Amino acid sequence: MKITLDAGDFAQLADFWTRAPDITRKRLMQFVTVCDLRLKGALQENLPKGAAGAAGLAGSIQTEEQSLNENVIGMVSSALPYAQYVEFGTRPHTPPIQPLIDWAKVKFGLTDAGAKSAAFAIRNKIAKKGTQPNPVWRLTWQSYQDFIRRTFDGAMAAIARDLAGGKA
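Residues numbered from 1 in each chain as written. Predicted model: local features only at pLDDT ≥ 70, side-chain atom pairs only at ≥ 80, totals over all residues. Heavy atoms only, no water.

Chemist: How should the overall build of the protein chain be read in this particular structure?
Modeler: From N to C terminus, the protein chain includes eight helices and two strands. Secondary structure of the protein chain in N-to-C order comes out as α-α-α-β-β-α-α-α-α-α. Along the first, second and third principal axes, the C-alpha set of the protein chain runs to 70 × 25 × 25 Å. Here the protein chain, with 168 residues, has 32% of them falling under the buried criterion. Once local pairs closer than 6 in sequence are excluded, the contacts in the protein chain between residues at least 24 apart make up 67%. (Helix = DSSP H or I, 4+ residues; strand = E, 2+ residues; numbered from the N terminus. Buried < 20%, exposed > 50% of the residue type's maximum accessible area, 1.4 Å probe, protein only. Contact = heavy atoms within 4.5 Å.)

Here is the structure:
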């Protein structure tokens, strides 16, 4: 997902890169880092937790920022292979049973036998209907657009101040 900028933003940013690449890179890195950390926190708050309070998907969220020649990028991601299935849902399939048993024990406080029974029922439903999407990433991104825009505008103003010799 990307931020939408108008042509004036591009012209001003290109001018900043030309006039003061180090200042521009520093301020944009600060902008990207602040946004990444805010998005990470929101995702960790809203994504599913693991069984027995384990990290689960929420605990797998990581950020990475990189400064390139004339670009600064930030990423908020999860390395867990099932993250996409939570976000987009799944078609019918037969998941492994043990993670469902573990989850049912914790979620419902069931005994081994009860958890196994619940897990098989859940697996049968998934095999017939798949899983519904839980679009936490998309909704988080959408809900933070104003914050991202304001933070970007603040970064642009800070670059202009720095170029004018103002205090950072």
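Chemist: How do you make sense of the environment of L13 when you look at a structure like this?
Modeler: Here L13 is to be found in helix α1 (residues 7–19). Taking the C-alpha atoms as reference points, L13 and L28, 15 residues apart in sequence, are found 10.0 Å from one another. Among residues more than four places away in sequence, those in contact with L13 are T24, L28 and M156.

Chemist: Would you take a moment to explain the environment of K107 for this structure?
Modeler: Within the secondary structure, K107 is located in helix α5 (residues 97–108). For the pair K107 and F16, spaced 91 residues apart in sequence, the C-alpha to C-alpha distance is 53 Å.

Chemist: I would appreciate a short explanation of helix α6 (residues 112–129) in the present structure.
Modeler: For an α-helix, the turn length of 3.6 residues means that residues three or four places apart are oriented alike. A rise of 1.5 Å per residue sets the reference length of α6, with its 18 residues, at 26 Å; its end C-alpha atoms lie 25 Å apart and thus fit the reference within 8%. By the burial criterion, the buried members of α6 are A115, A118, A119 and I126. Buried residues along α6 cover an arc of 105° about the axis, so they all sit on one side. Turned more than 90 degrees away from the buried face of α6 sit A113 and K128, all of them exposed. Of the surrounding secondary structure, the elements contacted by the buried residues of α6 are α5. Within two residues after α6, G130 carries a phi angle of roughly 75°, on the positive side. (Expected span 1.5 Å × (residues − 1). Arc of directions from axis to C-beta.)

Chemist: So what exactly am I meant to see when it comes to the packing of aromatic side chains here?
Modeler: The geometry of an aromatic ring pair is captured by the separation of the ring centres together with the interplanar angle, meaning the angle of the planes. Per the counting criterion, the structure on display carries three aromatic pairs. Ring geometry for F31 versus F152: centroids 5.5 Å apart, planes at 65°, classification edge-to-face. On the criterion of sequence distance, the pair formed by F31 in helix α2 (residues 21–46) and F152 in helix α8 (residues 145–163) is long-range, its members being 121 residues apart. The two residues F31 and F152 agree in class, both being buried. A ring pair is formed by W103 and F108, whose centres lie 5.4 Å apart and whose planes are at 85°; its orientation type is edge-to-face. By relative accessible area, W103 is classed as partly exposed at 34%. The exposure class of F108 is partly exposed, given its relative accessible area of 47%. (Phe/Tyr/Trp six-rings, centres within 6.5 Å; stacked < 30°, edge-to-face > 60°.)

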